[in-house]
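Given next are the chains, with one letter for each unit.
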Amino acid sequence: MAAHQKLYEGKAKILYATDDPNVLLSSFKDDATAFNAQKRGSIQGKGEINCAISSHLFQLLEAQGIATHFLDCPSANTMRVRAVKILPLEVVVRNIAAGSLCQQTGLELGTVLEPPLVEFYYKNDALGDPLLTSDRLLLLNLATSEQVEQLRAKALKINQILTDFFQQCGITLVDFKLEFGLDPSQNLLLADEISPDTCRLWNQSDPDPKQRVMDKDRFRHDLGNVEAAYQQVLDRILAKAAQI
Ligand code: UDP
């Protein structure tokens, strides 16, 4: 295969061009960052594990009517994806209070959020990815009001599908971040990744608040065994997917 031109290198992935302008390669890295890249490290094997987890979850969502950028995986840490223009938004869905929600509101860790909370953050490292109001979203022209409603509806449907699936894996989906992009026909596609880097996942068979963590909080808070936790998420997904 000819060398591909690197288009963009992010904290966890590198995007490469292909011979087809409508198709890109997304290469998952072992690098890990947290707290707006103030904490940096590497999680051995993370690239391959996250690529495999994301691929399975994108295929699960596609099968249930959610359009995603996923095409296939030509190698263990590489995903072929449709080229989209990423909206500069992080759409966060929360089922249980954790992380910045607790810090900013005083809600106790573990508070069940019913209905789930959908939030929009501005993808802007220089500004520290601030929380947006609907009016600020429109003010900054980050999306149209129609797109905001589409994003909210898609995020909630994705939450339903993923919550049900992780439940079958014995994992509680606490919260997660999504990114969306527009294809050349202006269709809104789910993009980026869905992995333990971008979700909070709690092991239902371990009530201990530190032991139950199966996601990047193990890295953020130096809880150890990060790779083993990510691998455990993948193993459970593969075992469940084999039964479906
Ligand atoms: N998240 C993410 N990328 C970000 C910010 C958040 O993937 O840049 C995910 C995070 O892993 C968690 C959810 O979004 O699953 C909510 O994160 P939160 O706002 O609580 O921020 P944090 O506590 O991670 O700083």
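Everything below is about the structure printed above this text.
This text gives an overview of the structure that appears in the document. (Residues numbered from 1 in each chain as written. Predicted model: local features only at pLDDT ≥ 70, side-chain atom pairs only at ≥ 80, totals over all residues. Heavy atoms only, no water.)

### What about the overall build of the protein?
Filter applied, for reference: Each helix is a run of H or I in the DSSP string that is no shorter than four residues. Each strand is a run of E no shorter than two, and both are numbered from the N terminus. Restricting the calculation to C-alpha atoms gives the radius of gyration, and the globule rule supplies 2.2 Å times the number of residues raised to the power 0.38. A simple rule labels every residue: compare its accessible area, found with a 1.4 Å probe on the protein chains alone, to the largest value its type can have, and call it buried under 20%, exposed over 50%, or partly exposed in between. It only takes one pair of heavy atoms within 4.5 Å for two residues to be counted as in contact. Areas reported as accessible are Shrake-Rupley estimates using a 1.4 Å probe. Residue values count occlusion only from the protein chains shown. His is not counted, nor are the chain ends; Lys and Arg add positive charge and Asp and Glu add negative charge. Where a charge lies is defined by one atom per residue type: Lys uses NZ, Arg uses CZ, Asp uses CG and Glu uses CD.
Secondary structure summary: the protein contains six helices and 14 strands in total. At 17 Å, the protein has a C-alpha radius of gyration in line with the 18 Å of a compact globule built from 244 residues. Once the C-alpha set of the protein is aligned to its principal axes, its extents read approximately 50 × 45 × 40 Å. Considering the protein as a whole, with its 244 residues, one finds that 50% of them fall into the buried category. Residue pairs at least 24 apart in sequence account for 55% of intrachain contacts in the protein once pairs closer than 6 positions are excluded. For the protein, the exposed area adds up to about 12,100 Å²; of that, 50% sits on carbon and sulfur atoms. Here the protein contributes 25 positively and 31 negatively charged side chains, and the mean placements of these two sets differ by 2 Å.

### Overview of the pattern of salt bridges
Under the convention used in this document: A side-chain nitrogen of Lys or Arg and a carboxyl oxygen of Asp or Glu constitute a salt bridge if their distance falls within 4 Å.
If you walk through the whole model with that rule in mind, you get 18 salt bridges. Note that D197 is salt-bridged to K46, the shortest N-O span being 2.6 Å. Of this pair, D197 sits in the loop between β13 (188–191) and β14 (199–203) while K46 is found in helix α1 (residues 46–63), placing the two residues 151 residues apart along the sequence. Residue classification places D197 among the buried residues on the basis of a relative accessible area of 9%. Overall, K46 belongs to the buried group, its relative accessible area being 1%. Between R152 and E149 there is a salt bridge, and its shortest N-O distance comes to 3.7 Å. Of this pair, R152 and E149 both sit in helix α4 (residues 145–168), separated by three residues, roughly a single helical turn.

### Re α4
To be explicit about the condition: Each residue after the first adds 1.5 Å to the expected span of a helix.
With 24 residues, α4 ought to run about 34 Å at 1.5 Å a step, and its terminal C-alpha atoms sit 35 Å apart, in line with that. All of the buried residues in α4 are Q147, V148, L151, A155, I158, N159, I161, L162, F165 and F166. Once α4 finishes, G170 follows within two positions and takes phi at roughly 75 degrees, a positive value.

### Quick notes on the sheet that holds strand β7 (residues 78–82)
Backbone-to-backbone hydrogen bonds join strands into a sheet, with any given pair of strands oriented parallel or antiparallel. As a reminder, the rule being used: Paired strands are those between which DSSP finds at least two bridges. Think of each axis as a best-fit line through the C-alpha atoms, taken over the contacting stretch in the case of a helix, with angles from 0 to 180 degrees between the N-to-C directions.
Taken in spatial order, the five strands of this open sheet run β1-β2-β3-β7-β6, and their pairing is antiparallel. Since the sheet does not close on itself, it has two edges, and those belong to β1 (6–9) and β6 (70–75), each with one partner. When the angles between neighbouring strand axes are averaged without regard to direction, this sheet yields 25 degrees. Bridge count for β6 against β7 is three bridges, and the pairing is antiparallel. Bridge assignment links S75 to a residue of β7, and that residue is T78.

### Overview of the pairing of strand β9 (residues 89–96)
For a regular strand, side-chain orientation follows a simple rule: the groups alternate between the two sheet faces. β9 sits mainly inside the fold: eight of its eight residues count as buried. Sheet topology places β9 next to strand β10 (residues 112–122); seven bridges connect them, and they run antiparallel. Bridge pairing links R94 to L117 in β10. With four bridges joining them, β9 and strand β12 (residues 171–182) adopt antiparallel strand pairing. In the strand pairing of β12, V92 is matched with K177.

### Here's the deal with the site of the ligand
Stated formally: By convention in these notes, a residue is near a molecule or strand provided one of its non-hydrogen atoms lies within 4 Å of it. Two N or O atoms form a polar contact when they lie within 3.5 Å of each other; inside protein one atom must be a possible hydrogen donor and the other a possible acceptor, and for residues adjacent in sequence the pair counts only when both atoms belong to side chains.
Inspection of the region around the ligand gives 16 residues, with R94, S100, D175, R200 and R220 positioned closest. At 2.7 Å, a side-chain N or O of R94 approaches an oxygen atom of the ligand. Within the backbone of T198, one N or O atom sits 3.4 Å away from an oxygen atom of the ligand. Across the complex, the protein chains shield 79% of the 510 Å² of accessible surface that the ligand would expose by itself. When contributions to the shell around the ligand are tallied by element, the ones reaching two or more residues are β9, α2 (99–105), β12 and β14.

In short, shape yes, function no, at least from these values alone.
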